[in-house]
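This is what each chain is made of:
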Amino acid sequence: MSIYDTLNTKQKEAVFQTDGPVLILAGAGSGKTRVLTHRVAYLIEEKGINPWNIMAITFTNKAAGEMRERVDGLVGFGAESIWVSTFHSTCVRILRRYIDRLGYDHNFTIYDTDDQKTIMKEVCKYLDIDTKVYKEKMLLSAISKAKDELIGPIQYRLNVQGDYSKEKIAKVYEEYQKRLKSNNALDFDDLIVKTVELFRDNEDVLDYYQERFKYIMVDEYQDTNTAQFQLISILASKYRNLCVVGDDDQSIYKFRGANISNILDFEKVYNEATVIKLEQNYRSTQTILDAANHVIQNNFGRKDKRLWTENEEGEKIAYRQFQNAYEEAEYITEDIAQKVRSGAYEYNDCAILYRTNAQSRTFEEKFILANIPYKIVGGINFYARKEIKDLLAYLKTIDNAKDDLSVKRIINVPKRGIGAATIAKVQDFAIAHEMSFYDACRVVEDIPSIGKSGAKIKLFVNFIQVLRSKLEFLSVTEIMNEIIEETGYVRDLEAENDEEAIARIQNIDELISKIVTYEESTDEPSLSGFLEEVALVADIDSLAEDSNHVVLMTLHSAKGLEFPNVYLAGMEDGIFPSYMTITSDDPTEIEEERRLCYVGITRARQHLTLTCAKQRMIRGETQYNKVSRFIKEIPSSFVDLEVTEDKIQEMPKSMLYQQARNTFQSKVFEPKMFQVKKAESLTYGIGDTVKHIKFGTGVVTAIVEGGKDYEVTVAFNTAGVKKMFASFAKLKKVEQ
DNA sequence: AATGCAAAATTTTTT
DNA sequence: ATTTTGCATT
């Protein structure tokens, strides 16, 4: 009996095919992680490959950690020398060693999105770019896109010759890159780009890594972009033992540069490739899988495959429609509470998935009310919070004196009386003398017209220098404590003593415990090492498995996870699929949304609930959305609809036209639940006093009968005169 | 230089 | 609706 006996035929095939290029098309829940880990074990134990020669690349640290853990469980010893990490941390590791070849220092800083924006603002100001016409965000995304395709500033400029506005972007790109370099910093995209550059220009380095990584495995291959593909190709080009695992139906990161043709054309690029399809699903019930299959079938240009399972049919998929987002959240909250009470599920069996982060708030409110433990993944990254960024900027300043951005961030935090005018003078001096901002601070007495501020800057510089000298004999934790103590950062917050300040202090405490954890769990902890780890964390990484709480996250974050009981909330056209993709004239965009839906459905093991609201507040405006087209793609035989009096209600007239049109266009069978019932008579008339949930009481001044609904005008006592549709307003007559 | 208010942007998804 | 940003004031 060997560990491989538990694998099915296809899985075994994938595990045993160790040499040459291999493409594993692994459907959702088909045990791809199992295959990858067993493959590693097989390479080491049966093929006698040195663990040192194996590399596995994933997208998130969480996935990497899981894989490492599982490999450890399978392989007797040596597992620790397998290189398991994400694209980004792989590149950082390589660059830390060789980046001097590209003219950077080894202790380079990694800039996050916020930092990029700050740099871009400076660039625009410097180049006199009108940011009303060229938005920073737009410029950054253009640059990011270029980097994804491995197009450098110079080539970009050549490519866009003759196009005035793109030439401007080229100029920005060049200046942006120049500034990153003088700050000794790389952005996320640079990590990949620079590594490819390093390999292209330094044969000895490339050769070293090619010899080292004789066996390369890439997970979530459908989400790789061109730069990542190049990186992998270059590394694998010598031994060609490249095994990629992916599912084209789960490609959901096109907006981030993921190139789906990497997976679709793998066999063309590697024509000797072995292709293995894993189609047996071990995760979900038959019903859930059928639903997923029906949805994804509507996409064109996908690799042909069909998931099947030996699992039982299971419960039907619940579908519930509500008046608004509050009722939707209330229902889900109550449903979870009830299922936990009955013992059917634990809190951590349940996940709520939604399209946009903004949707999480309504749920959060209801969870707090219901006293249910929950965890929201995503939204504002922990490390993107002000207080955390401030304190990290101190660490970065100590670590990398060229990181002007960090220095400028904290030079006057807490307030030291160093204002914008002073900073500008130092900046000008630094540029004139071609030195870094911090170095200019060090020689502040040489700067003319600096005045009294010079002494203040000197104090700041001394503070940093002292810390830097202490770096040798103090731990990162001790340094951090000293920063907090000396700057009085926490003391100031304590003085504020409001809710926000308390939350910030808690965040700072969390940061300290993260530093402690880092120093305890790392062999050779260092300041650079900690900063690096911090720069590359994703929110999903911190999702602990042992604690018992409901998880809330976007559909994107949910990729790769599974839960017994899943809720897909906000299933409305305009929300999911998003408004952007519906109105776009690129039909592949809606296909990406559909893949996202497929990902969502296949997260569920046993029970799936789809919910939507007829009415939803978006950016302060009430929207009336029709039911998501994806729901209509699920045959009604798989769906359970609870019909209650409240659930079937009138749509306003304006929506009816749209819905009718939609019904007309839709080829797929439309379940009864979407049909609209004719209104009953109203319980109130003109002159009656009525009560509204939000606006309070008022007097009905007019009722206009439309085709399908009544438009009621009410003069509220406090809220003024409002016109509303009877079915939505839920007005109650007040007896006098 | 710090505070306070009005205007503008935000929301599709993130390593 | 809420949050961030810019501008003007003290």
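Parameters at a glance
Residues numbered from 1 in each chain as written. Chains lettered and ligands numbered in written order. Predicted model: local features only at pLDDT ≥ 70, side-chain atom pairs only at ≥ 80, totals over all residues. Heavy atoms only, no water. UniProt positions renumbered as here; feature names shortened; annotations may be inferred. Helix = DSSP H or I, 4+ residues; strand = E, 2+ residues; numbered from the N terminus. Contact = heavy atoms within 4.5 Å. Salt bridge = Lys/Arg side-chain N within 4 Å of Asp/Glu carboxyl O. Buried < 20%, exposed > 50% of the residue type's maximum accessible area, 1.4 Å probe, protein only. Near = heavy atom within 4 Å. Nonpolar A, V, L, I, M, F, W, Y, C, P; charged D, E, K, R; others polar. Expected span 1.5 Å × (residues − 1). Polar contact = N/O pair within 3.5 Å; in protein donor to acceptor, adjacent residues only side chain to side chain. Axes fitted to C-alpha atoms, helices over the stretch in contact; angles between N-to-C directions. Parallel < 35°, antiparallel > 145°, perpendicular 65-115°, else oblique. Left-handed = near helix turned anticlockwise from the far one by under 90°. Pairing = 2+ DSSP bridges. Phe/Tyr/Trp six-rings, centres within 6.5 Å; stacked < 30°, edge-to-face > 60°. 1 Å grid on protein atoms, 1.4 Å probe; cavity = no way out; pocket = protein on both sides within 12 Å on 5 of 7 lines; lining within 4 Å. Points joined across faces, edges and corners; volume = space filled by probe spheres on them.

Details of the UniProt feature "binding site: ATP" (unreviewed entry) in chain A
Mapped onto this structure's residue numbering, the UniProt feature "binding site: ATP" (unreviewed entry) falls at Ala26, Gly27, Ala28, Gly29, Ser30, Gly31, Lys32 and Thr33. Inspection of the secondary structure assignment puts glycine 31 in the loop between strand S1 (22-26) and helix H2 (32-45). One can find lysine 32 in helix H2. Setting aside anything within four residues of it in sequence, one finds lysine 32 in contact with Ala26, Asp219, Glu220 and Val245.

A word on the pattern of salt bridges
For the coordinates displayed, the defined rule picks out 48 salt bridges. A salt bridge links lysine 305 to aspartate 248; the nearest nitrogen and oxygen atoms lie 2.9 Å apart. Separated by 57 residues along the polypeptide, lysine 305 in the loop between helix H14 (286-296) and strand S10 (308-309) and aspartate 248 in the loop between strand S7 (242-246) and helix H12 (261-264) bring together distant segments of the chain. With relative accessibility at 8%, the residue lysine 305 sits in the buried group. Among the ionic pairs, lysine 303 bridges to glutamate 267, the shortest N-O distance being 2.5 Å. A residue pair is termed long-range when its members are at least 10 positions apart, and lysine 303 in the loop between H14 and S10 and glutamate 267 in helix H13 (residues 266-269) qualify at 36 residues. Take glutamate 267: its relative accessible area is 34%, and that puts it in the partly exposed class. In the salt-bridge network here, residues are joined through shared partners; they are Lys32, Asp219, Glu220, Asp223 and Lys559.

Notes on the protein's contact with DNA strand C
Taken together, Arg361, Met617, Arg619 and Gly620 form the complete shell of residues around DNA strand C. In DNA strand C, the atoms that sit within 4 Å of the protein are 45% sugar and phosphate, with bases accounting for the remainder. Here the surface near DNA strand C is composed, by residue class, of one nonpolar, one polar and two charged.

Notes on helix H27 (residues 587-601)
Its 15 residues place the ends of H27 22 Å apart at the C-alpha level, agreeing with the 21 Å of an ideal helix rising 1.5 Å per residue. Judged by how many residues are buried, H27 sits mostly within the fold: twelve of 15 residues are covered. Structurally, H27 contributes buried residues whose contacts are with H14, strand S12 (350-354), strand S15 (563-568), helix H26 (579-583), strand S16 (604-618) and helix H28 (629-632).

Concerning the protein's contact with DNA strand B
In the vicinity of DNA strand B there are 24 residues, among which Phe59, Arg256, Arg355, Lys415 and Gly419 approach most closely. Backbone atoms, meaning sugar and phosphate, form 58% of the atoms of DNA strand B found within 4 Å of the protein. At a separation of 3.1 Å, a base oxygen of DNA strand B approaches a polar side-chain atom of histidine 88. Contact distances for DNA strand B include 2.9 Å between a phosphate oxygen and a side-chain N or O atom of threonine 554.

What about the environment of leucine 102?
Tracing the backbone shows leucine 102 in the loop between helix H4 (87-98) and strand S4 (109-111). According to the relative accessible area criterion, leucine 102 is buried, its value standing at 13%. The spatial distance from the C-alpha of leucine 102 to the C-alpha of asparagine 202 is 9.7 Å, given a sequence separation of 100 residues. Setting aside residues no more than four positions away along its own chain, leucine 102 makes contact with Leu95, Lys181, Lys194, Glu197 and Leu198.

Topic: the packing of helix H15 (residues 325-341) against helix H16 (residues 360-370)
Between H15 and H16, whose axes approach to 9 Å, the crossing angle comes to 45 degrees. Classified by the interaxial angle, the pair formed by H15 and H16 is oblique. For H15 against H16, the interelement crossing comes out right-handed. Two secondary-structure elements touch here, H15 through Ala325, Tyr326, Glu328, Ala329, Glu330, Ile332, Thr333 and Ile336 and H16 through Thr362, Phe363, Glu365, Lys366, Phe367 and Ala370.

Quick look at unusual backbone geometry
With an omega dihedral of 5 degrees, the bond running from phenylalanine 576 to proline 577 counts as a cis peptide bond. Mapped onto the elements of the fold, proline 577 is located in the loop between S15 and H26. One non-glycine residue, arginine 240, lies in positive phi territory at about 60 degrees. By secondary structure assignment, the location of arginine 240 is in the loop between helix H11 (226-236) and S7. If you check the backbone angles, glutamate 434 has positive phi at about 50 degrees while not being a glycine. If you trace the backbone, glutamate 434 turns up in the loop between helix H19 (420-432) and helix H20 (437-442).

Comments concerning the side chain of glutamate 175
Mapped onto the elements, glutamate 175 comes out in helix H8 (residues 164-182). Within polar-contact distance, the side chain of glutamate 175 engages the side chain of arginine 179 at 2.9 Å. Look past the residues within four positions of glutamate 175 in its chain and what remains in contact with it is Val123, Tyr126 and Leu127.

Structural notes on the pairing of strand S11 (residues 317-324)
Most of S11 sits inside the fold, with seven of its eight residues counted as buried. Here S11 pairs with strand S18 (residues 639-641) via three bridges, running parallel. Across the sheet, tyrosine 319 pairs through a bridge with leucine 641, a residue of S18.

As for the environment of lysine 470
Relative to the helices and strands, lysine 470 is located in helix H21 (residues 453-470). Once residues lying within four places of it in the same chain are set aside, the contact partners of lysine 470 are Ile479 and Glu482.

Observations concerning the packing of aromatic side chains
Applying the stated criterion across every chain yields a total of 19 aromatic pairs. Relative to phenylalanine 363, the ring of tyrosine 354 lies with its centre 6.4 Å away and its plane at 15 degrees, an arrangement referred to as stacked. When its relative accessible area of 2% is taken as the criterion, phenylalanine 363 is described as buried. Here the aromatic cluster, defined as three or more aromatic residues joined through ring pairs, consists of Trp83, Tyr98, Phe199, Tyr208, Tyr209 and Phe213.

Overview of empty space enclosed by the protein
Tallying each qualifying case throughout the model produces three cavities of 30 Å³ or more. Of the voids in this model, the second largest cavity is the one considered here, and its volume is about 80 Å³. What lines the second largest cavity is Arg96, Phe108, Thr109, Ile110, Lys396, Asp399, Leu531, Glu532 and Ala535. Elements represented by at least two residues in the lining of the second largest cavity include exactly S4, helix H17 (386-399) and helix H25 (527-535). Here the lining of the second largest cavity gets three residues from one element, more than from any other, and that element is H25. When grouped by side-chain class, the residues that make up the lining of the second largest cavity number four nonpolar, one polar and four charged.

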